[in-house]
Amino acid sequence: MKVFFITVLALLVAVTGAMAQNSRILKGRVTDQQNLPIQAATITLLEDSSKKLIKIGTTDKEGRFEFQQLPATFILVQISAIGFDSYATVVQPLKENTEQELPAIPLKQADKNLQAVTVTAKKPMVEVKADKTVVNVDAFISNAGGTALDVLEKSPGVSVDRDGILSLKGKQGVIVLIDGKQTYLSGQDLANLLRNTPSSQLEAVEIMTQPSAKYDASGNSGIINIRTKKGRQNGFNGSVNLSYVQGAYPKTPNSVSINYKKDKITLFSTLSYSYWQGFNDLKLVRKFSPKENETQGSLFDQTSKGKFHNHNLSLRTGMEYSLDKNTTIGFQVNGTYNPREFNSNSSAMIYTGGTEPESGNLASSLNKDTWKNFGSNINFRKRLDTTGRELTADLDYIWYGSNALQTSDNYTYQYPAGIISDSFLIRGDLPSDIKIYSFKTDYVHPLNKSSRLEAGLKSSYVTTDNDAAYKTWNNQEKLWEVDLTRSNQFIYEENINAAYINYNKEYKKWSLQTGLRMEHTYAKGKQVVNDERFIRNYVQLFPTVFASYKLDEKNTLTANYGRRIERPNYQDMNPFQFFLDQYTFRMGNPNLLPQFTHNVELSHNYKGVFNTTLNYTRTTDVINDILKQNDTTKVTFQTKENIATRRNIGIAISYNQPLTKWWTISLYGNLFNNHFTGFVNNEPLDASISSYMGNINNQFKFAKTWGAELSGFYRSKMQEGGIIIARPMGMFSIGLSKQVLKSKGTLKLSVVDPFALMQFSGYTKFGNIDTRINARWDNRRVALSFSYRFGKTNGGPQRRRSGSATDEQNRVGNNNQQ
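Residues numbered from 1 in each chain as written. Predicted model: local features only at pLDDT ≥ 70, side-chain atom pairs only at ≥ 80, totals over all residues. Heavy atoms only, no water.

Engineer: Whenever I open this one, the overall build of the chain confuses me. Can you help?
Structural biologist: Looking only at helices and strands, the chain features 3 helices and 46 strands. For the chain, buried positions account for 55% of its 818 residues. For the chain, the computed accessible surface area is about 34,500 Å², with 57% contributed by carbon and sulfur atoms. (Helix = DSSP H or I, 4+ residues; strand = E, 2+ residues; numbered from the N terminus. Buried < 20%, exposed > 50% of the residue type's maximum accessible area, 1.4 Å probe, protein only. Areas by Shrake-Rupley, 256 points an atom, 1.4 Å probe, with all protein chains shown as cover.)

Next comes the structure, spelled out in structure tokens:
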């Protein structure tokens, strides 16, 4: 296998040795009348004769834009920005292997009498770019009243399991960033954050299956960056988003954003509140092997009815100040207050050979928690000269805290008499405290017009302190006693230091990017009660190579390779137990090791609208959920272990194109095979399954102010963690939109999963584990939303901060069951 990867790297490097630049490039810069750059101006390229869309994009923070791989034709360039008059010009056909930069384009401020009229540019639903896939959230009407998790669920290549855990192209281990900064959340808490983030706050979702060395090496399947909306115009402006959602239970995500920019200072703030109520129903059927001297085993039939509700209040506010035209400093603070509650009532019937239950268990469980978060960021950016040399720095501090209280009352009945034979009552107090300190600095140095060098450093320090104080009821003494078998305290410290260098080069029809990242990890953990300790100390290198070749005007080939790491989430190492009932619980594993991935991709792009990608991925020490079962006590619990080596091969196809003036379609399909080899519960594992998934999104435009959507996705039978088989699942959604109030307001009505098709059904049969799982949740819903933009908008730039904490935050979690 080492020979294979060395060969791939050698071929990629050798191929890029002949590199030569992308043909027909068009560049430009958009400013206002004072020569200040205008960020987020919409640039639309049309074929001048037919007015057919060629490409669409926006200007960056410097007001610049660049388009590559353009056809040899007359191109109509249209430029629009809120608060400015539109601009259009025709560009002569570009010659092969040429680059043209338009003179600076100053936009004239719109007449004040026309300020009430808002011009909006319709972005495509999905854009496939050389290094990422971009999903434009507002282009989907069905996102109205939804959440960030809903948006991800219908994004190309992304799948969400029954617990809200994300996978990308059939592989778990996705790192989620928000505005380039890690959330430092994982598992159930990441899912909870995404469920409580209104989709109305999101601008776009960027999906990167092969990030460059500039990014943290974490995330074996890639990175998803969620970009939130930010005001970029001069003056006072903002937006209000109100939504009401009705499923089996009510929900309401709402937010308000305010921005102010004048001269050198920019202020921005977003306040959101959401109430989310729903249900989670679970059915488990487990078979147990016969005990000694028994001729037949027993069957455990369990049904759990769960209900949850939570209030989520979050605030993000900050300021940016330009010391001069080349130097900007800024700060940002954000906080979350999220009280939540989950209660479940379950019944379990135990059969031993007959059709009537021998015994049963009735359980009532309650989990109450207030999840709190505070984050702060100080940032600096300095343009060193006019050639593009730039130095940036970020300093972050993030804190998460919770005070979970857990109760579980269990009563065992003997049948047919139906009398109580035993009881098990437990109480748990589980406070958690996580602190994250992070610093990073990045430097960009253009070598010439066609090459660039990037380098950077990062250091992070994380401390987690999780306590678990359990008490059980002594029925004979009639008092609560400390449960020393379950009580514990887990303290974890981790320091990661990283450095990277990245090189970009364009030469004729070739484009190359190669980089190397080094990360040193030192971590230590301690269980206080039994004084168990561990230390992890290792240095790893993570190379990346990216090469593309333009065959002709319509076809481009791309090859890339990268090595990545997935460290255990902080709470996955937490050894505490979280109960559904006395027979079913979940616990962490402090002995988890990181998993490592080699990933190779080959892709072909046709005319910028049809993309085909082949991938090969090999992951060692795969971290995955497994079930452990005691046939005598009938107890089954879920934990995580390094179970196997996984080989993933697949092909993905996407097509994004307007079919008519009123109909735009986006299609995505992914066929892949996962093969696991290793050991689970001391049993050899050799399992393989081929699966496929697909997304379809249709946007329809009627008249000038009406729109509609029909979208859906489907995933076939899949293998989760090597031993769990998930049966096929899918759904579809419909939506309708209407622009009102001179296009400053938008009404959206959406119906998600109208026939309640989205349910989980799966099974596992491995070793002594024989379990069937069925789950359903509050997915069928109707949403009505209203958004309104207000204030003065005269154009102007605003930076988007990424921060220094880009890995650790995804690894926080406290196993909330909502």
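Engineer: Would you take a moment to explain unusual backbone geometry for this structure?
Structural biologist: Along the chain, Y415 connects to P416 via a cis peptide bond; the corresponding omega equals 10°. Tracing the chain through its elements places P416 in the loop between β24 (390-414) and β25 (419-448). Phi at N681 takes a positive value of approximately 55°, unusual for a residue other than glycine. Position of N681 among the secondary structure elements: in the loop between β37 (663-680) and β38 (683-702). Classification of N681 as partly exposed rests on a relative accessible area of 24%.

Engineer: Would you explain the sheet that holds strand β13 (residues 171-172) in this entry?
Structural biologist: Either a parallel or an antiparallel arrangement is found when strands of a sheet pair, and the pairing is made through backbone hydrogen bonds. Pairing in this open sheet of 3 strands is antiparallel, and the strands run β11-β12-β13 from one edge to the other. Both edges of this open sheet fall to β11 (158-160) and β13, since each of them pairs with a single strand only. The sheet contact formed by β11 and strand β12 (residues 166-168) spans 3 bridges and is antiparallel. Along β12, the bridge assignment pairs V160 with L166. (Pairing = 2+ DSSP bridges.)

Engineer: Explain the packing of aromatic side chains to me, please; I cannot follow it from the model alone.
Structural biologist: Applying the stated criterion across every chain yields a total of 21 aromatic pairs. Aromatic rings pair up to connect F490, Y492, F534 and Y570 into one cluster. Geometry around W276 places K251 over its ring, the cationic atom sitting 5.7 Å from the centre. Over the ring of F288 we find K634; its NZ or CZ atom is 5.6 Å from the centre of that ring. (Phe/Tyr/Trp six-rings, centres within 6.5 Å; stacked < 30°, edge-to-face > 60°. Lys NZ or Arg CZ within 6 Å of the ring centre and 35° of its normal.)

Engineer: Looking at this structure, how should I read the sheet that holds strand β3 (residues 53-58)?
Structural biologist: Pairing is antiparallel in the open sheet, where 4 strands are placed in the order β3-β2-β5-β6. Both edges of this open sheet fall to β3 and β6 (87-91), since each of them pairs with a single strand only. Neighbour-to-neighbour, the strand axes of this sheet turn through a mean angle of 15°, independent of strand direction. When strand β5 (residues 75-80) meets β6, the two strands line up antiparallel, connected through 5 bridges. Paired with V77 across the strands is T89, a residue of β6. (Axes fitted to C-alpha atoms, helices over the stretch in contact; angles between N-to-C directions.)

Engineer: Would you explain the pairing of strand β28 (residues 488-507) in this entry?
Structural biologist: It is a general feature of regular strands that their side chains alternate between the two faces of the sheet. Sheet analysis places strand β26 (residues 451-474) next to β28, joined by 18 bridges and oriented antiparallel. The residue of β28 that forms the bridge with E454 is N502. Pairing of β28 with strand β29 (residues 510-527), which is carried by 18 bridges, proceeds in the antiparallel orientation. Following the sheet pairing, I491 is matched in β29 by K526. Hairpin geometry of β28 and β29 is characterised by an intervening segment of 2 residues between the two adjacent antiparallel strands and by a positive phi of about 55° at K508.

Engineer: In this structure, what is going on with the environment of T463? I would like to understand it.
Structural biologist: Within the secondary structure layout, T463 lies in strand β26. Residues in contact with T463, not counting those within four places in the same chain, are D433, I434, K435, Y492 and E493. (Contact = heavy atoms within 4.5 Å.)

Engineer: Please explain the environment of K108 as it appears in this structure.
Structural biologist: Locating K108 in the fold gives a position in the loop between β8 (105-106) and β9 (126-128). Expressed as a C-alpha distance, the spacing of K108 and Q33, which sit 75 residues apart in the sequence, is 6.2 Å. If near-sequence neighbours (up to four positions away) are discounted, K108 is found in contact with Q33, F84 and D85.

Engineer: Would you explain the pattern of salt bridges in this entry?
Structural biologist: Pairs can form between side chains of opposite charge whenever their charged atoms are close. All told, the structure shown has 27 salt bridges when counted by the stated rule. Between E203 and R227 there is a salt bridge whose closest N-O contact spans 2.8 Å. You can see E203 sitting in strand β16 (residues 202-208) and its partner R227 sitting in strand β17 (residues 222-228), a full 24 residues away along the chain. Of the two residues examined, E203 and R227, each falls in the buried class. Bridged by salt links that share partners, the residues D216, K458, R517, E519 and R567 form one connected network. (Salt bridge = Lys/Arg side-chain N within 4 Å of Asp/Glu carboxyl O.)

Engineer: Just to check I follow, could you spell out a nonpolar patch on the surface for this structure?
Structural biologist: A cluster of nonpolar residues, W662, F702, W706, L736, L747, L749, V782 and L784, forms a patch on the protein surface that exposes about 740 Å² of accessible area. Following the sequence through the fold, L747 ends up in strand β43 (residues 745-752). Exposure remark for L747: the relative accessible area of 36% places this residue in the partly exposed category. (Patch = residues over 30% accessible without salt bridge, like charges linked within 9 Å, V, L, I, M, F, W, Y side chains within 5 Å.)

Engineer: When you look at the confidence of the model for the chain in this model, what are you seeing that I'm missing?
Structural biologist: Detailed reading of the predicted coordinates is not advisable wherever pLDDT is low. Per-residue confidence for the chain gives a mean pLDDT of 85; residues scoring 70 or more make up 90%. With pLDDT under 50 throughout, residues 1-22 is counted as low confidence; its partners more than four residues away or in other chains account for 42 contacts. This model gives residues 112-121 a pLDDT under 50, and the stretch forms 15 contacts once residues within four places in sequence are excluded. (pLDDT = per-residue confidence, 0-100.)

Engineer: Would you mind showing me how to read the pairing of strand β35 (residues 610-630) here?
Structural biologist: In terms of strand pairing, strand β34 (residues 595-606) meets β35 through 11 bridges, oriented antiparallel. Of the residues in β35, the one forming a bridge with Y606 is F610. Remark: 3 residues form the turn of the hairpin made by β34 and β35, two consecutive strands paired antiparallel; K607 in that turn has positive phi of roughly 55°. Here 19 bridges tie β35 to strand β36 (residues 635-658), and the two strands are oriented antiparallel to one another. When the bridges of β36 are listed, F610 appears paired with Y655. Linking β35 to β36, which pair antiparallel, is a turn of 4 residues; within it K634 sits at a positive phi near 70°.

Engineer: It is not clear to me how the environment of Y570 should be interpreted in this structure. Could you clarify?
Structural biologist: For Y570, the location among the structural elements is in the loop between β31 (555-566) and β32 (577-581). The spacing of Y570 and N466 is 104 residues in sequence and 10.0 Å in space, taken between C-alpha atoms.

Engineer: Could you clarify how one ought to interpret the side chain of Q582 in this entry?
Structural biologist: Within the secondary structure, Q582 is located in the loop between β32 and β33 (584-587). If we ignore the near neighbours within four places in the chain, the residues touching Q582 are N361, N410, T412, F424 and V635.

Engineer: Hey, could you run me through a positive patch on the surface in this one?
Structural biologist: Taken together, the side chains of K287, K717, R727, K765 and R772 define a basic patch exposed on the protein surface. The exposure class of K287 is partly exposed, given its relative accessible area of 38%. (Lys, Arg positive; Asp, Glu negative; His and termini not counted. Charge placed at Lys NZ, Arg CZ, Asp CG, Glu CD.)

Engineer: Can you walk me through the side chain of K251 in this structure?
Structural biologist: Position of K251 relative to the elements: it lies in strand β19 (residues 250-262). Among the polar contacts listed, one links the side chain of K251 to the backbone oxygen of Q277, at a separation of 2.9 Å. In this structure the side chain of K251 is engaged in a polar contact, spanning 2.6 Å, whose partner is the side chain of D778. Not counting residues up to four positions away in its chain, the partners in contact with K251 are Y244, V245, Y275, W276, Q277 and D778. (Polar contact = N/O pair within 3.5 Å; in protein donor to acceptor, adjacent residues only side chain to side chain.)

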